[in-house]
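Remarks on the overall topology
Residue-level listing of the chains:
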Amino acid sequence: MKDVFTTVRERRTIRRFSAAPVEQERIVALLNEAAGLYEAEGTPHWRCLYFGTPESREELAESMTAKVTGSRLGKLLPAPMIELLKKQITGTPAHVIFIAESAGTERERDENYAAVCSIMQTFSCWAGNKDWVCCGTQTP
């Protein structure tokens, strides 16, 4: 297992996913630990969605491709590109999607966004250390 500090310093790109299933409870526990490391005044407002079943990934793929094909630029995409997008979404073992809530002020929005970025980075590093993803490194 890599040292956590080394992992954080490395620039990582996910190349392929481990085929081993990861229980939703493990993901939730890791998210809670990652969220617990984020320190801020007040409580940042964010939420997380988990798409880990074939049915939920199919719904996610349909939603995402509908959004893409509904846009002006998306209408120019050939059908094989849309099918490739669907295949990528449904073929990924699980998706964890973070949503930073809107807020009344720009500062609050920035704080919510910073919280999400921090938690995602920590979660990503820990997931890589647990061999949930097979990551390659890139030189900056």
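Not measured: the values here are computed from a predicted model.

So, on to the packing of aromatic side chains. For any pair of aromatic rings, the description consists of the separation of the ring centres together with the inter-plane angle of the planes. For the coordinates displayed, the defined rule picks out one aromatic pair. Where W46 meets F98, the ring centres are 6.1 Å apart and the plane angle is 35°; that geometry is what we call tilted. In this pair, W46 sits in strand β2 (residues 46–51) while F98 sits in strand β3 (residues 95–100), placing the two residues 52 residues apart along the sequence.

As a further point, take the packing of helix α3 (residues 54–70) against helix α4 (residues 79–91). Helix-helix packing: each pair is described by the crossing angle between the helix axes and the interaxial distance. In the contact formed by α3 and α4, the axes pass within 9 Å of each other and the chain directions differ by 150°. On the basis of the axis angle, α3 is roughly antiparallel to α4. Crossing geometry of α3 relative to α4 is assigned as right-handed. Touching R57, E58, L60, A61, E62, M64, T65, V68 and T69 of α3 are I82, L85, K86, I89 and T90, all from α4. Here the residues of the contact of α3 with α4 are counted per class, giving seven nonpolar, three polar and four charged.

With 14 residues, helix α2 (residues 24–37) extends 20 Å between its outermost C-alpha atoms, agreeing within 8% with the 20 Å of an ideal straight helix rising 1.5 Å per residue. Listed in full, the buried residues belonging to α2 are I27, L30, L31 and A34. Each buried residue of α2 sits inside an arc of 105° when the element is viewed along its axis, so together they form one side. Relative to its buried face, α2 has exposed residues pointing more than 90 degrees away, namely E25, N32, E33 and G36.

This part covers the nonpolar core. V22, I27, L30, L31, A34, F98, V116, I119, F123 and W126 form the largest nonpolar core, which has 10 residues in total. Within the residue set of this core, elements represented by two or more residues are α2 and α5 (106–129). If we skip the residues at most four places from it in the chain, I119 touches A34, A35, Y38, W46 and F98.

Criteria and thresholds
Per chain, residue numbering runs from 1 following the sequence as it is written. Whole-chain, interface and lining totals are the exception, using all residues; otherwise, since this is a predicted model, local features are given only for residues with pLDDT of at least 70 and side-chain atom pairs are given and counted only at 80 or more. Just so you know, side-chain values use all the structure's heavy atoms and leave hydrogens and water out. Pairing of aromatic side chains requires ring centres within 6.5 Å, counting the rings of Phe and Tyr and the six-membered ring of Trp. Pairs whose planes differ by under 30 degrees are stacked, by over 60 edge-to-face, and all others tilted. Only DSSP runs of H or I reaching four residues or more are called helices, and only runs of E reaching two or more are called strands; each is numbered from the N terminus. Every angle, taken between N-to-C directions, lies between 0 and 180 degrees, and every axis is a line fitted to C-alpha atoms, over only the stretch in contact when it is a helix. Between 65 and 115 degrees an angle is taken as roughly perpendicular, under 35 as roughly parallel, over 145 as roughly antiparallel, and anywhere else as oblique. Each helix crossing is assigned a hand: it is left-handed if the near helix lies turned anticlockwise from the far helix by less than a right angle, otherwise right-handed if that turn is clockwise. In this description, contact between two residues means that some pair of their heavy atoms is separated by no more than 4.5 Å. Residue type decides the class: Asp, Glu, Lys and Arg count as charged, Ala, Val, Leu, Ile, Met, Phe, Trp, Tyr, Cys and Pro as nonpolar, and the leftover types, Gly among them, as polar. What a helix is expected to span follows from its residue count: subtract one and scale by 1.5 Å. For every residue, the accessible area (1.4 Å probe, protein chains only) is compared with the maximum for its type, and the residue is labelled buried under 20%, exposed over 50%, or partly exposed between those bounds. This arc is taken over the directions from the axis of the helix to the C-beta atoms. Throughout, nonpolar core names a set of buried Ala, Val, Leu, Ile, Met, Phe, Trp, Tyr and Cys residues whose side chains join them through atoms within 4.5 Å.

Nothing here speaks to function; it is all geometry.
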